[in-house]
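So the chains spell out like this:
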Amino acid sequence: MDPDNSVQDVARCDLCKVAIVQSYCDFCHVNLCKPCIGEHISDDYSTKHIIVPFQLRRTTPIYPKCEKHPNKTCELQCNDCKIFLCTDCLASEQHNKEHKLSKLEEVFRQKKDQIHRDKEELKVELLPVYEEIATEIINQIANLDVDYKIYTTQMSKHREELHREIDNVMNQREKEIDENKLKHLSILTKHLEEIKQLQCLMQESLHNLNEMEDSNEVSPTIHYSSKNQGFSKLPPKVIVSMPEFIPKPIEIEELCILIGKITPLSPKLEERVFTAKKPNTSVRELLDEPEVLIIIKTGHEKLYSVTCLHEEEIWTSGRMTADIKCFNTQGVLQKTIKTKSGKWPNDVAVYSDGALVYSDWVKRTVYKVKNDQREEIIRLPGWTPVNLCVTSSGDLLVTMRSVDKTQSKVVRYSGSTVKQTIQFDDDGQPLYSGNRYTKYITENRNLDICVADWGAGAVVVINQAGKFRFRYTGPPSSTKKGPFKPWGITTDSQSYIFTSDNYNHCIHIFDGDGHFLCYIDSCDLEYPTGLCVNIDDSLFVCEYNKGNVRKVRYLK
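Residues numbered from 1 in each chain as written. Predicted model: local features only at pLDDT ≥ 70, side-chain atom pairs only at ≥ 80, totals over all residues. Heavy atoms only, no water.

(A) Fine view of the overall build of the chain. Check the secondary structure of the chain and you find seven helices and 30 strands. The C-alpha radius of gyration of the chain comes to 47 Å, more than 25% above the 24 Å expected for a compact globule of 556 residues. With the C-alpha coordinates aligned to their principal axes, the bounding extent of the chain is approximately 180 × 75 × 60 Å. Classification of the 556 residues of the chain by burial places 36% in the buried group. In the chain, the share of contacts with a sequence separation of at least 24, taken over all contacts with a separation of at least 6, comes to 44%. Carbon and sulfur atoms provide 53% of the accessible area of the chain, an area that totals close to 35800 Å². (Helix = DSSP H or I, 4+ residues; strand = E, 2+ residues; numbered from the N terminus. Rg over C-alpha atoms; globule rule 2.2 N^0.38 Å. Buried < 20%, exposed > 50% of the residue type's maximum accessible area, 1.4 Å probe, protein only. Contact = heavy atoms within 4.5 Å. Areas by Shrake-Rupley, 256 points an atom, 1.4 Å probe, with all protein chains shown as cover.)

This is the structure we're talking about:
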């Protein structure tokens, strides 16, 4: 076995080739055993040998050799000339003494620090951003078939409409042909009857002539007058021109205009701006005993959802009414918006500009309301929009279920455009339970997407790229009697995650990695449902049966 090349053998001394290495010359880069150290140093006393323990090898900077003085190493750099210098170079006075010099050791350490910072920035900041960009493009590619299916479906529908109209026109032309045929038949039939009448007169005349020819009576014979001249004048010939179908030549350009056109692809480059994530420096501790600051009586019979940006507009919705009510923190009703379908909304959310957005399960549509103007932004054939979340980037996250209630998924929209669809994990298994139950959604400060899956009894957390992170099913040991059925969900500035435990009349708080922190169960909560945290880290909690919104302080 070759001791120099085998990865299974211990390192050997480069001089004797036998002894196990114990030291290292960090200047000459040679493995040494203790007996060989003296021999190595004695070979060349002019060399600055640096003997270190073998474990600390390659920790000493390796200075470059001087080009003018080969036996010397350079320990200085000229800032003006950008060349390396040794002490002999300075002593020779060949270099301009007015130039500024830097110690290579200091420059080396500064560059090492910069290299370390760049490495950390590349690993922690830049690479994840590029991974997100790549994932976004992968999702776009994955959704191409679905996106383009919309256009082919539209074209198929237009094709059917064109065929239907063409059939209608052709049927009209066929009807005109049948009408002309009936007219033609009528003209010929009338003419035939006239000829037959003349034939009858001629037969009658012929019969009379036969009798007169055989008769010997003088008087009738003398008074006979010929009618043949009248019969010899033949009736006019009826000529009916046949109708003619004159097809219009098919002009391809006109046909294309009639059918419609496909606008060409218009790719464009949109500048991306990298923004380094700033660490949260304002760490706040949780209160031992959270306290209720305000109780807002909404009047909703079955209070379901609450959302707000600031305390002057607290939007609420319930299960038994189409009214979406807006209150201030004094509990004064500010305005009311009714859903278009007349049924209750599944959820409400607010954009950063104050525009309200709500999901209408009857029309399978998401509406945006601003300045009392309602706009349809998303319509979902085959799926029902359930719960909503406006992200920090202004996107809209929508949980939805299939019409047959067997599948659930999360879709990210930019306006009305699908940017991302999240339904399965890396093994192709569904991330969310497929049933009719509510799946509240929120975005954490670290851009994780958190879904409270009531049917599965879990909070499912994935990262921004749609990769599964963890599933929270409650603390390891629980004192609560009822099963964990998470309902509403929200997050705060500390990246804490809150979910309402409806059956156990409490709220779970856990961190961004799924570690349970505490309960909020001392505020007389009854059947908590929807949750939201405003910009001041005040928690708003819906009480399902009471119809109240409680504002809770939970941070010191």
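(B) Region of interest: the sheet that holds strand β15 (residues 373-379). With antiparallel pairing, the four strands of this open sheet are ordered in space as β12-β13-β14-β15. Two strands bound the open sheet, and with one partner strand each, they are β12 (347-350) and β15. Each adjacent strand pair in this sheet contributes to an overall mean axis angle of 25°, direction not counted. As paired strands, strand β13 (residues 356-360) and strand β14 (residues 365-370) are joined by five bridges and run antiparallel to one another. Opposite Y358, over in β14, you have Y367 as the bridge partner. (Pairing = 2+ DSSP bridges. Axes fitted to C-alpha atoms, helices over the stretch in contact; angles between N-to-C directions.)

(C) Fine view of the pairing of strand β27 (residues 516-520). Both strand β26 (residues 506-510) and β27 contribute to a ladder of four bridges, which runs antiparallel. Considered in β27, the bridge of H508 is made with Y519.

(D) Just the sheet that holds strand β18 (residues 408-414), in detail. What the four strands build is an open sheet, ordered β16-β17-β18-β19; its pairing is antiparallel. Since the sheet does not close on itself, it has two edges, and those belong to β16 (383-390) and β19 (417-422), each with one partner. Sheet twist, expressed as the average angle between the axes of neighbouring strands with direction ignored, equals 30°. The sheet contact formed by β16 and strand β17 (residues 396-402) spans six bridges and is antiparallel. Its bridge partner lying in β17, L388 is registered against V398.

(E) Molecular detail of the packing of aromatic side chains. Per the stated rule, a full pass over the model turns up 12 aromatic pairs. A ring pair is formed by W454 and Y503, whose centres lie 5.9 Å apart and whose planes are at 80°; its orientation type is edge-to-face. With W454 in the loop between β21 (449-453) and β22 (458-462) and Y503 in the loop between β25 (497-501) and β26, this pair connects stretches of sequence that are 49 residues apart. For Y503, a relative accessible area of 39% translates into the label partly exposed. Considering the side-chain rings of Y472 and F484, the 5.7 Å spacing of their centres and the 90° angle between planes classify their relative orientation as edge-to-face. You can see Y472 sitting in strand β23 (residues 468-472) and its partner F484 sitting in the loop between β23 and β24 (486-491), a full 12 residues away along the chain. Like F484, Y472 is buried. Chaining the aromatic ring pairs together yields one cluster made of Y304, Y440, W487 and Y544. Looking at K409, its charged tip hangs above the ring of W383, at a distance of 4.1 Å from the centre. Residue placement shows K480 over the ring face of Y519; its charged tip is 4.6 Å from the ring centre. (Phe/Tyr/Trp six-rings, centres within 6.5 Å; stacked < 30°, edge-to-face > 60°. Lys NZ or Arg CZ within 6 Å of the ring centre and 35° of its normal.)

(F) Up close: the pattern of salt bridges. One pass over the structure, following the stated rule, counts 19 salt bridges. The salt bridge partner of D426 is K467, with a shortest N-O separation of 3.2 Å. Of this pair, D426 sits in the loop between β19 and β20 (439-443) while K467 sits in the loop between β22 and β23, placing them 41 residues apart in sequence. The class for D426 is exposed, based on a relative accessible area of 64%. Note on K467: relative accessible area 38%, which makes it partly exposed. Each of the salt bridges in this network shares a partner with another, and the network as a whole consists of D395, R412 and K419. (Salt bridge = Lys/Arg side-chain N within 4 Å of Asp/Glu carboxyl O.)

(G) Structural detail: helix α7 (residues 252-259). Across the eight residues of α7, zero count as buried, placing the element largely on the outside. G260 sits one or two positions beyond α7 and adopts a positive phi of about 115°.

(H) Representation of the side chain of N31 within the structure. Secondary-structure assignment places N31 in strand β2 (residues 30-32). In contact with N31, other than residues within four places in its own chain, are R12, C13, D14, L15, V21, S23, Y24 and F54.

(I) View of the environment of L90. On the secondary structure map, L90 appears in helix α2 (residues 87-91). When its relative accessible area of 32% is taken as the criterion, L90 is described as partly exposed. For L90 and P267, which are 177 residues apart along the polypeptide, the C-alpha to C-alpha distance reads 60 Å. For L90, the contacting residues outside a window of four places in its chain are L76, L85 and L101.

Purely geometric numbers; function is a separate question.
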